Amino acid sequence: MPVCFVPFAVCVISRYPYFNALKDCLSCLLVQLRPLQDLDVEEHIKEFAAKLFLIPSPPPGLLHLVFNMKPLQIIIPSREDPDSPIIDLDLHLPLLCFRPEQVLQIMTCILTEQKIVFFSSDWALLTLVAECFMLYLHPLQWQHTFVPLLSRQMLDFVMAPTSFLMGCHTDHFEEVSMEIEDLVLINIDNGDITCSKMAEEEPEIPDVPAQAAEAFMKRVESLQLHYDLELCHLRASTDLGELQTRRRAWQQKLNTEVQQTALQLIVNIFREVKDHLNYEHRVFNSEEFLKTRAIGDQPFYRKVLETYMFHSFLKARLNRKMDAFARMDLSTQTEEDRINLMFHTPRRLTMEKMASKQFNPQYVVSRRMVISMPDLQEIKLPEVPTRKSSLRKLETGVAVRMPSKSISTFKIPEIHFPLIFQCVHSYYTDFYNHLSKAINTLPPDNSALLARYFYLRGLISLMQGKLLNALSDFQNLDKTDLRIFPTDLVRKIVETMAPAERLQADRKPELKKLISRVMENQREVMKIDDRVKNFELPKTHMQLDDFVKRIQESGIVKDIDTIHRLFDALTVGHQKQIDPETFRDFYNYWKETEAEAQEVNLPPTVIQHLDKNECVYKLSSSVKTNYGVGKIALTQKRLFLLTEGGRPGYVQIAAFRDIEDVKSTTVAFLLLRIPTLRIKTLSKKEVFEANLKTECDLWYLIVKEMWAGKKMADDHKDPQYIQQALTNVLLMDAVVGTLQSSKTIYAASKLSYFDRMKNEVPMMVPKTTSETLKHKINPSAGETFPQAIDVLLYTPGHLDPSERPGNAHPKLWCALSEGKAVVFDASTWSIQQHCFKMGRSKLTCMIMVEQSQVWIGSQDSNIYIINTHSMSCNKQLNDHRSDVTDIIVDKKNGIPSEAYSSSLDGTVIAWNISTLKVNRVFQLPCQNLTSIKLHNDQLWCCTGSCILVVSTHEFQLQLKIEHHLKDVCSYFLCFQLFPERDEVWASYSGSSDLYIWNTKDFSSPPQKIHLQDCSEITCMIRVKNQMWVGSSARLQGKSKGKIYVVSAEKKTVEKELVGHADTVRALCSAEDRYVLSGSGREEGKIAIWKAE
């Protein structure tokens, strides 16, 4: 009787793309099936499937799971972070099949959402290559149909009218290419990229932007893609496990390099999109973005900007998502990029970029240009090699090098068969016990790995039905790695809990708070605003509020006060509304002026006289002057004459800080009186005269505004003023160009803000303030209005070879409103990290607990922990039940040993810094606990009614300083210890007096120091032998922020510093050499003072 063989197929289906792991599993299964009888095969396959079902997927992070599948050890890799994809395939496969320029061409097809069909004679290669290209896109995501394998019966799928990416066997190539139009056909086997033959004309596939393409190809060429070359210098191995481990390590390293190379390509292509976004109104100005692209790159961007993929990318940018793109963009920013964040400056070419452009004439400049900021040389570390400017030719010589990350593995216990209940129960028990052992033996400083163990143990407890244990393990993620907290899973656990279990959970304070947080978050989660608007000119008349919104959307100006003045200028002599025609004319004039300025091309003989960061913002028409005939040029620092003749030349007219007087007059010429501008400088006897004719009145306003702005910038040590003055003069120019009526100059004068301030209000800064003030910075840069500075923290720099050089610099941390924090590089005072977001409540205190941790307390009762290496918030402490008010660190022999935190309800918690576990908790007998200090194992606690002193070990009350004022409405506001002098300094609400107690004699009344012109003392810090006191004050009828420097020895005020236009809200010291002060929301700036 003939034997009939029927093919038997095993298909493994998974939610996760574990290509290599599942391939290894199937390979093991084949080995196991060979010796079996026919009847045993099906049973063995069932056991195989059940075993795979019991293997959990690892949480995001650097922990891979390992299990035994005989004869191989199977590794289940984790994704790098919650937003990253799982990578378990050989990412370099497309680089073996295609040349780098072809890879770029395929990437273009995907980014422009073409109809793409891959072909290969190898079915497996179709899926792997298509998946690789999807991973190259990350964090962008393909939004359309994705079917990497099409059978013969499914070929009609390629007739779909929308974009798609599919794969077919090469046997169907002719059929597909002859019958269907507009397809991009990619043959993996021979590396060909063609179009379907039915197309009347080939679809236009533009080139990837030239500089990004060049950088990508150079980096690909530097990759080592062949494993055999890696083996040449290694001994031969006879151990299968060793071979597998060696190959896996090589592949993992190569995957990381390929992934970073692809990500760098995406970042290089889309880096400057953010310069054309308005976050407040969720607007992208695509037209202006396209204008700033190189001519040869515009076809690419024109197509990409219309895709669904790019639209999703815009949503993520407008939501300020910190994904792989944002992290790489941040890590590769130049110093100029960081300074750009601090100013909103009209786009112009710097001299450095103008010189570069002469060597690269096809490149159209696109970045905002700003002035350089003064450094405080005394605390600046040695400079590292700086990156090239934004017009740079992208670094192409080597592949992106990322610090290697150590991968840990966890061996899953054996699964015993048959899979009856007892066996499965035993497997979960072993798994739980293995994890518990790993948790107990792991050093507490390895919190990242500890978090993964807690996560896995929580999953196992969940599978065992032990819901409370699962919640406890997930709750531990708060203190180990908050990023992997499974919010949706925890919510489902809570919703399915039996009433008895829920009651048990509510009896445990930590679980009750966890459940409350998760369930409240669900109720409070606001739908993410996914709108992305393209900027459009208005079509109806605008009142003031609508005009403000439209101007902000246009990207011209963000500052509301400036826009109000612009509204007044454009409505001079008219009803207080602006018609669409006026707005259109103004917008077009502004953009045309901006475009013309990009085309200014000064000769090298002129460029050499200017600083590399100077920009030409305005040129006059050709005029006659007493220095010769030429055009007057305006930069942010000076006026100069661009002389005409055989060769354009440079003649200095005046630096703005050197101007003594400016006049607009007329000179006689025959029977005419010609309007003339006269500029007198301190350094020249000769007065500059220019016959500017009709331009004279405008230039008179411009020069006076720049002069006043420069004087104010110098007096207040605040470079932002000169940027504001520049914006004002360019708005004047646009107003004059728009209105063209008899009242244009009067209208433009509405924008002369600094000149008017100089005439109306004395701008003189007191000598003591001017000598002590070093610099001012604005942490609210890029916002529509200033924000109050609630807390300041200075952290010293450190040198760590494993970190980027920028991480070695000292930093200034600034807490703003609604849980936001900004970080400055304190060696250059440029923004390093634009915005951390920690909840939505006010941040109340910050401290560097150890070199790698900054703790930030919040009114939402949480303490947020920032990792200073990754600059991310991935832990939080939630044991307080009220506003966290202060955090201090106890150091033994200079090493942090314990941290103390206080909350408004009078609770003090002592923390183990390494494990983040609570050592001790103490409840004070009174509430309104606002701050704590530590000295000699004693904790000094300031409450509204008294200052309490307790021991740190037993928390026993040792001393109490009573409120001694007669005014029962007043309360202790802030205090400081001066232990060397046995003194306690304190202030009361509503009082302008400092009170000083002798700690050895509390029976004596406190010494009082009266602070003149002070309304209330708001904060104080000790610096050397001085007490710096911040306050709110009334000067000349206006609220000001004033700082008093009080001598601890003489008990007298040595300095009164008036450097803020609002209350001083925060003070901090930078190594006792500088004091930094932050003001309220009326000004929202940080002043940097020299301490003596």
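Residues numbered from 1 in each chain as written. Predicted model: local features only at pLDDT ≥ 70, side-chain atom pairs only at ≥ 80, totals over all residues. Heavy atoms only, no water.

(A) Molecular detail of the pattern of salt bridges. Going through the model one piece at a time under the given rule, you end up with 47 salt bridges. Here Asp 90 ties to Arg 247 by a salt bridge, and the two come within 3.7 Å at their closest N and O atoms. Taken together, the positions of Asp 90 in the loop between strand 2 (73-76) and helix 3 (93-97) and Arg 247 in helix 9 (residues 240-270) put the pair 157 residues apart, joining distant regions of the chain. For Arg 247, a relative accessible area of 32% translates into the label partly exposed. Note that Asp 879 and Lys 479 form a salt bridge whose closest N and O atoms lie 3.5 Å from each other. Note that Asp 879 is positioned in the loop between strand 28 (872-877) and strand 29 (884-892) and Lys 479 in the loop between helix 18 (467-475) and helix 19 (487-496), a separation of 400 residues in sequence. For Lys 479, a relative accessible area of 17% corresponds to the buried category. Each of Glu 287, Glu 288, Lys 291, Lys 591 and Glu 594 takes part in one network of salt bridges that share partners. (Salt bridge = Lys/Arg side-chain N within 4 Å of Asp/Glu carboxyl O. Helix = DSSP H or I, 4+ residues; strand = E, 2+ residues; numbered from the N terminus. Buried < 20%, exposed > 50% of the residue type's maximum accessible area, 1.4 Å probe, protein only.)

(B) Representation of helix 22 (residues 544-554) within the structure. Those residues of helix 22 not exposed but buried are Phe 547, Val 548, Ile 551, Gln 552, Glu 553 and Ser 554. On its buried face, helix 22 sits against strand 8 (277-278), strand 9 (283-284), strand 11 (533-534), helix 23 (560-570) and helix 24 (580-598). Just downstream of helix 22 lies Gly 555, where phi reads positive at about 85 degrees. (Contact = heavy atoms within 4.5 Å.)

(C) Structural context of unusual backbone geometry. Between Lys 70 and the following residue, Pro 71, the backbone shows a cis peptide bond with an omega angle of 10 degrees. By secondary structure assignment, the location of Pro 71 is in the loop between strand 1 (63-68) and strand 2. Phi angles above zero are rare outside glycine, and Lys 693 is one such case at about 55 degrees. Its location among the elements puts Lys 693 in the loop between strand 19 (688-691) and helix 26 (696-716). The phi torsion at Asp 1072 lies on the positive side, around 60 degrees, for a residue other than glycine. On the basis of relative accessible area, Asp 1072 is assigned to the partly exposed category, the value being 31%.

(D) Fine view of a negative patch on the surface. Together, Asp 38, Asp 40, Glu 42 and Glu 43 give the surface a local cluster of negative charge. Position of Glu 43 relative to the elements: it lies in helix 2 (residues 38-53). (Patch = residues over 30% accessible without salt bridge, like charges linked within 9 Å, V, L, I, M, F, W, Y side chains within 5 Å. Areas by Shrake-Rupley, 256 points an atom, 1.4 Å probe, with all protein chains shown as cover. Lys, Arg positive; Asp, Glu negative; His and termini not counted. Charge placed at Lys NZ, Arg CZ, Asp CG, Glu CD.)

(E) Geometry of the packing of helix 4 (residues 100-111) against helix 5 (residues 123-137). Put simply, helix 4 and helix 5 touch, their axes get as near as 11 Å, and they point 75 degrees apart. Classified by the angle their axes make, helix 4 and helix 5 are roughly perpendicular. Residues Val 103, Ile 106, Met 107, Ile 110 and Leu 111 of helix 4 touch helix 5, and the partners they reach there are Phe 133, Met 134, Tyr 136 and Leu 137. When grouped by side-chain class, the residues that make up the contact of helix 4 with helix 5 number nine nonpolar, no polar and no charged. (Axes fitted to C-alpha atoms, helices over the stretch in contact; angles between N-to-C directions. Parallel < 35°, antiparallel > 145°, perpendicular 65-115°, else oblique. Nonpolar A, V, L, I, M, F, W, Y, C, P; charged D, E, K, R; others polar.)

(F) Expanded view of the side chain of Thr 943. Note that Thr 943 resides in the loop between strand 34 (938-942) and strand 35 (946-951). Residue contacts for Thr 943: discarding those within four places in its chain leaves Leu 924, Cys 926, Gln 927, Asn 928, Leu 929 and Phe 972.

(G) Highlighting the sheet that holds strand 6 (residues 183-187). As summarised here, the arrangement of the five strands in space is 4-5-3-6-7, forming an open sheet in which the pairing is mixed. Both outer strands of the open sheet, strand 4 (145-147) and strand 7 (192-195), are each paired with one neighbouring strand and no more. Ignoring which end each strand starts from, the neighbouring axes of this sheet average 20 degrees apart. Bridge count for strand 3 (residues 115-120) against strand 5 (residues 164-169) is six bridges, and the pairing is parallel. Bridging from a neighbouring strand, Phe 118 pairs with Gly 167 of strand 5. Contacts from helix 5 reach strand 3, strand 4 and strand 5 within the one sheet, and its direction differs from that of strand 3 by about 140 degrees. (Pairing = 2+ DSSP bridges.)

(H) Region of interest: the sheet that holds strand 24 (residues 830-837). Strands sit in the order 21-22-23-24 across an open sheet of four strands; the sheet is antiparallel. The sheet is open, and its two borders are formed by strand 21 (791-795) and strand 24, each paired with just one other strand. Taken over all neighbouring pairs, the strand axes of this sheet differ in orientation by 20 degrees on average, direction set aside. Relative to strand 22 (residues 811-815), strand 21 is paired through five bridges, and the arrangement is antiparallel. Bridging across to strand 22, Tyr 794 finds its partner in Leu 812.

(I) Structural context of the packing of helix 22 against helix 23. One can describe the packing of helix 22 onto helix 23 by two numbers: an axis separation of 10 Å at closest approach and a directional angle of 115 degrees. Judged by the twist between their axes, the crossing of helix 22 over helix 23 is right-handed. Where helix 22 approaches helix 23, its residues Leu 544, Phe 547, Val 548, Ile 551 and Gln 552 are matched on the opposing element by Ile 560, Ile 563, His 564, Leu 566, Phe 567 and Leu 570. Of the residues belonging to the contact of helix 22 with helix 23, the class tally is nine nonpolar, two polar and no charged. (Left-handed = near helix turned anticlockwise from the far one by under 90°.)

(J) Quick peek at the packing of aromatic side chains. Throughout the structure, instances matching the rule amount to 34 aromatic pairs. Aromatic pair Phe 310 and Phe 313: ring centres 5.9 Å apart, planes at 35 degrees, arrangement tilted. In this pair, Phe 310 and Phe 313 both sit in helix 12 (residues 308-318), three residues apart, roughly one turn of the helix. Classification of Phe 310 as buried rests on a relative accessible area of 2%. We classify Phe 313 as buried; its relative accessible area is 4%. Ring geometry for Trp 855 and Trp 911: centres 6.4 Å apart, planes at 85 degrees, overall edge-to-face. With Trp 855 in strand 26 (residues 853-858) and Trp 911 in strand 31 (residues 907-912), the pair connects residues that are 56 residues apart, well separated along the chain. One exposure class covers both Trp 855 and Trp 911, and it is buried. An aromatic cluster of three or more residues is present, and its members are Phe 270, Phe 284, Phe 289, Phe 300, Tyr 301, Phe 310, Phe 313 and Phe 325. The ring of Phe 485 has Arg 517 lying over it, and the distance from NZ or CZ to the ring centre is 5.3 Å. The residue whose ring lies beneath Lys 1085 is Tyr 721, and the NZ or CZ to ring-centre distance is 4.4 Å. (Phe/Tyr/Trp six-rings, centres within 6.5 Å; stacked < 30°, edge-to-face > 60°. Lys NZ or Arg CZ within 6 Å of the ring centre and 35° of its normal.)

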